[in-house]
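Residue-level structure breakdown
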Amino acid sequence: MVVGDASVEIDVLVIGAGPGGYVAAIKAAQLGKSVLLVEKDTVGGVCLNRGCIPSKALISAAHQYEAAHESSEIGITAEGVKVDFSKVQAWKDGIIEQMTGKRGIGALLKKNKVQLFNGEALFINEHEARVFNDNETARYKFNHCIIATGSRPIELKAFPFGGRILSSTEALSLKEIPQSLIVIGGGYIGVELGQTYAKFGTKVTILEGSDHILPGFEKELTKLVAARLKNKNVDIVTEALAQSCEKTDSNVTVTYTVKGEEKKVTADYVLVTVGRRPNTDGELGLDLINLEMGERGLIKINEKCQTSIPHIYAIGDIVAGPALAHKASYEAKVAAESIAGLPSVIDYKCIPAVVFSDPEIASVGLSETEAKAAGHTVAIGKFPYVANGRALSMNSPEGFVKLVGDKETGLLLGAQIVGSEASNLIAELGLAIEMGATLEDIALTIHAHPTLGEMVMEASEVGLGQPIHI
Ligand SMILES: Cc1cc2nc3c(=O)[nH]c(=O)nc-3n(C[C@H](O)[C@H](O)[C@H](O)COP(=O)(O)OP(=O)(O)OC[C@H]3O[C@@H](n4cnc5c(N)ncnc54)[C@H](O)[C@@H]3O)c2cc1C
């Protein structure tokens, strides 16, 4: 690393090493560019360090613990099943280390000759940035820059993070299983973490402002999750607005209102998951380069992920669209290819969305309501898990696969699944939409028996009015 004030020239400067930034850096390097990737924290970003991967590790552990307790129906009982939560956390941390460390992203960056600087990046002007940490500083002149600085949890004024008020980051790293937990915000992060702790035995209360949890998904999908949560003794309070809290050394009391009526609930901890804010304010120095901004601190981009300054690109949680890791990585490849002169553009025809709740929810493309609103005459194919042999043999009879097709052309427009393995089943349907498949194409594709995947074929047959198994 050069120390001093002379600028070092680089083809591409990538700021932030989350699933947006590190993928962009690798892709740009593979396309022949010299790349400097700057990360102020740990490579992998939110996704690998304090988001997708650690949350799924805890979800898996909680699921196994619950299954060990609740399998008497299929003839299996276990006694003395215990959770050693510090071991669970150590296992989770080991996964993060494996993915982000020398054998993980570190090795990928090295293999692709991406130079990594562990520190912060600060724009000096439209062509130069300073990178620095406690020990060194350098100035870089770049031909292109990709900003991928991600997002952080939104803090509510009345619930400042710290102590017993947790963001998702602290909730993923608790040392002990809390006896009780209040979750403010019933979106996917709140539901995933709330349900995880409920499975470990925590008494959970979810306060959700709208009329159902997971408000981004249709009620017909979310009601199965709500029923499972209630079954685990989780209190779900909808149309609830958290107002204030009182802390003691050992607990927190939250005051909230439901339709104007004031209520209180007390727990060991409060987890606030009311959304995320893009990291476009503060130390990045965006004000020095005068980028055109959109709503809520998001950076405006065109179909190539170019900002209003054409040689500066922006991707991931700092641009519009769902804040999801796979969207960030997709945009990363488009930005890097565009910088390399390839004719890549973003096409958000179908971005899958998955909630790793129990049962899982997954969707891709248009919902029935969206398809109708877009002027389609829809053909709906719905097939229940209870009619699928593999689902029954997994003791997972709850849920359904729903396909939304266009009645005139037969094209698949969208799909929603609630049930076991919905997260994996949705992949076939994303591919089908991208490939322009019709319901008939799916119905005529031989699906292995006995698998959950057969439900996709069966749902297509229902949509075509030719069901066999219902
Ligand atoms: C609990 C939780 C669960 C989640 N689960 C899922 C899931 O199951 N599936 C899914 O798709 N998404 C999930 N997400 C969302 C996902 O993590 C984000 O959408 C994704 O990480 C965004 O990627 P990104 O590259 O845009 O930014 P980030 O992952 O936020 O990475 C940005 C990086 O930039 C660095 N940075 C910021 N400013 C600077 C600077 N000035 N200089 C240098 N470095 C800087 C940060 O340190 C950070 O490492 C989850 C999020 C949370 C919180």
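Residues numbered from 1 in each chain as written. Predicted model: local features only at pLDDT ≥ 70, side-chain atom pairs only at ≥ 80, totals over all residues. Heavy atoms only, no water.

The immediate surroundings of the ligand are formed by 39 residues, with Gly20, Glu39, Val46, Lys56 and Ala325 found nearest. Proline 19 is positioned such that a nitrogen or oxygen atom in its backbone is 3.5 Å from an oxygen atom of the ligand. Between the ligand and valine 46 there is a distance of 2.9 Å, counted from an oxygen atom to a backbone nitrogen or oxygen. Considering the ligand on its own, with 1,000 Å² of exposed area, one finds that the protein chains cover 96% of that surface. Counting residues per element, the ones that place at least two in the shell around the ligand are strand S2 (35–39), helix H2 (45–50), helix H3 (52–69), strand S4 (120–123), helix H7 (188–199) and helix H9 (325–339). The greatest single-element share of the shell around the ligand, amounting to four residues, is contributed by H2. In terms of residue class, the shell around the ligand is made up of 17 nonpolar, 14 polar and eight charged. (Near = heavy atom within 4 Å. Polar contact = N/O pair within 3.5 Å; in protein donor to acceptor, adjacent residues only side chain to side chain. Areas by Shrake-Rupley, 256 points an atom, 1.4 Å probe, with all protein chains shown as cover. Helix = DSSP H or I, 4+ residues; strand = E, 2+ residues; numbered from the N terminus. Nonpolar A, V, L, I, M, F, W, Y, C, P; charged D, E, K, R; others polar.)

Examined against the element boundaries, glycine 405 turns out to sit in strand S21 (residues 399–406). Considering only alpha carbons, one finds glycine 405 and glutamate 262, 143 residues apart in sequence, at a separation of 45 Å. Beyond its immediate sequence surroundings of up to four residues, glycine 405 is in contact with Thr377, Val378, Ala379, Leu411, Leu412, Leu413 and Leu439. (Contact = heavy atoms within 4.5 Å.)

A word on the pairing of strand S19 (residues 361–365). The element S19 is extensively covered by neighbouring structure, given that four of its five residues are classed as buried. Of the pairings in the sheet, the one linking strand S18 (residues 353–355) to S19 comprises three bridges and is antiparallel in character. By the bridge assignment for S19, valine 354 is matched with alanine 362. Hairpin remark: S18 followed by S19, antiparallel, with five residues in the connecting loop. As judged from the five bridges shared by S19 and strand S22 (residues 412–419), these two strands associate in the antiparallel manner. (Buried < 20%, exposed > 50% of the residue type's maximum accessible area, 1.4 Å probe, protein only. Pairing = 2+ DSSP bridges.)

With parallel pairing, five strands are arranged side by side in an open sheet as S8-S15-S9-S10-S11. A single partner strand is all that each edge strand has here, and the edge strands are strand S8 (165–166) and strand S11 (235–237). Bridge count for S8 against strand S15 (residues 269–272) is two bridges, and the pairing is parallel. Looking at S15, one finds that leucine 166 is bridged to leucine 271.

This next bit is on the packing of H3 against H7. Contact geometry for H3 and H7: axes closest at 8 Å, N-to-C directions at 35°. Viewed along their axes, H3 and H7 form a crossing whose handedness is left-handed. Here Ser55, Lys56, Leu58, Ile59, Ala62, His63, Tyr65 and Glu66 of H3 come into contact with H7, specifically with Glu192, Leu193, Thr196, Tyr197 and Lys199. (Axes fitted to C-alpha atoms, helices over the stretch in contact; angles between N-to-C directions. Left-handed = near helix turned anticlockwise from the far one by under 90°.)

The tally for this structure, following the rule as stated, stands at six aromatic pairs. Judged by centre distance (6.1 Å) and plane angle (35°), the rings of tyrosine 65 and phenylalanine 200 are tilted. You can see tyrosine 65 sitting in helix H3 and its partner phenylalanine 200 sitting in the loop between H7 and strand S10 (203–207), a full 135 residues away along the chain. Phenylalanine 200 shares its class with tyrosine 65; the two are buried. Geometrically, the ring pair formed by phenylalanine 123 and phenylalanine 142 is edge-to-face, given 6.2 Å between the ring centres and 75° between the ring planes. With phenylalanine 123 in strand S4 and phenylalanine 142 in strand S6 (residues 137–147), the pair connects residues that are 19 residues apart, well separated along the chain. In this structure, phenylalanine 123 and phenylalanine 142 share a single accessibility class: buried. By way of ring pairs, the aromatic residues Tyr65, Phe85, Tyr197 and Phe200 are connected into one cluster. Stacked on the ring of tyrosine 269, the Lys or Arg arginine 164 has its end atom at 5.0 Å from the ring centre. (Phe/Tyr/Trp six-rings, centres within 6.5 Å; stacked < 30°, edge-to-face > 60°. Lys NZ or Arg CZ within 6 Å of the ring centre and 35° of its normal.)

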